[in-house]
Amino acid sequence: MNDFFNSRIDEYEEHQLNAIAGAREFYPFTAKQLPMHPHARVLDLGCGTGLELRYYFQLNPSARITGIDLADKLLQALAEKYSDKDLTFVQGSYFDISFDACCYDAVVSVESLHHFTLEEKIPLYTKIFEALIPGGFFLLTDYFAQTESEEIGFRQELLRLKAAQGICDSAFYHYDTPLTVAHEIQALQAAGFSEIEVLGQWSATHVIKAQKDSV
Ligand SMILES: C[S@@+](CC[C@H](N)C(=O)[O-])C[C@H]1O[C@@H](n2cnc3c(N)ncnc32)[C@H](O)[C@@H]1O
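The name given to the chain in an unreviewed UniProt entry is Class I SAM-dependent methyltransferase, with the source organism recorded as Ruthenibacterium intestinale.

In structure tokens, the structure reads:
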């Protein structure tokens, strides 16, 4: 995955904006949902070169961001682009890295989590829940399968591709396997989020907000 994104750095942002239906609207929309108070603390999972941050910094220039990504070159590009901002980077997998507890006003992830199963997401979403302050929220902008049979079809195709190439089941292979929105909500509920809302939809991409209770 690291090599996949590092090798596409030059064309990456234009690709995101031109090739994904609704991207020119859902990136600014996502940014608008994030906390607007000065010095808000936000954790960005799979930040890449930070298209969502481009729009967020326009609205909240003093936000304090921690960005996690596997791709070192994307993080480097992000650091150069926003050298005047309060940005901390962590290179590695958000599945492996521990997050500070009760620390963030919001956690955001855009177009990064559509490779993982419901079972893989529950422990990650539990870590996110614990990393949020009371009253904080997780904002997930990603694309989803339209139906359960589409979700199953993606997963079967991934297994077929791995088998055909002699890749073991547990190894990561870059092939998109989005869940349905209903299954995503199930994973968020299992992690402790009780108030979950779909704020917007652009073709297959949805913006989901999962709120942590204030007390
Ligand atoms: C399609 S890009 C989206 C980047 C950015 N959020 C945006 O929308 O412009 C997906 C990003 O997720 C990162 N990623 C995927 N799996 C990851 C993981 N397990 N841990 C950290 N980053 C991951 C990739 O390296 C890549 O930069």
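**Details of the UniProt feature "domain: Methyltransferase" (unreviewed entry) in the chain**
The positions UniProt marks with the feature "domain: Methyltransferase" (unreviewed entry) are residues 42-136. Helix makes up 35% of residues 42-136 and strand 29%, and the two end C-alpha atoms of the span are 10 Å apart.

**Section: the sheet that holds strand 2 (residues 64-69)**
Spatially, 3-2-1-4-5-7-6 is the arrangement adopted by the 7 strands of the open sheet, whose pairing is mixed. Two strands bound the open sheet, and with one partner strand each, they are strand 3 (86-91) and strand 6 (195-202). Recorded for the sheet is a direction-independent mean angle of 15° between the axes of neighbouring strands. In this structure, strand 1 (residues 41-45) lies alongside strand 2, joined through 5 bridges in parallel fashion. Paired with Arg-41 across the bridge in strand 2 is Arg-64. Strands strand 1, strand 4 (104-110) and strand 5 (132-143) of the sheet are contacted by helix 6 (residues 118-131), whose axis makes an angle of about 140° with strand 5.

**Some details on the packing of helix 3 (residues 23-33) against helix 4 (residues 51-59)**
Put simply, helix 3 and helix 4 touch, their axes get as near as 8 Å, and they point 50° apart. Here helix 3 lies oblique to helix 4, going by the angle between them. The chirality of how helix 3 crosses helix 4 is right-handed. Contacts between helix 3 and helix 4 involve Tyr-27, Pro-28, Ala-31 and Lys-32 from the former and Leu-51, Glu-52, Tyr-55, Tyr-56 and Leu-59 from the latter. When its residues are assigned to classes, the contact of helix 3 with helix 4 shows 7 nonpolar, no polar and 2 charged.

How each quantity is defined
- Residues numbered from 1 in each chain as written.
- Predicted model: local features only at pLDDT ≥ 70, side-chain atom pairs only at ≥ 80, totals over all residues.
- Heavy atoms only, no water.
- UniProt positions renumbered as here; feature names shortened; annotations may be inferred.
- Helix = DSSP H or I, 4+ residues; strand = E, 2+ residues; numbered from the N terminus.
- Pairing = 2+ DSSP bridges.
- Axes fitted to C-alpha atoms, helices over the stretch in contact; angles between N-to-C directions.
- Contact = heavy atoms within 4.5 Å.
- Parallel < 35°, antiparallel > 145°, perpendicular 65-115°, else oblique.
- Left-handed = near helix turned anticlockwise from the far one by under 90°.
- Nonpolar A, V, L, I, M, F, W, Y, C, P; charged D, E, K, R; others polar.

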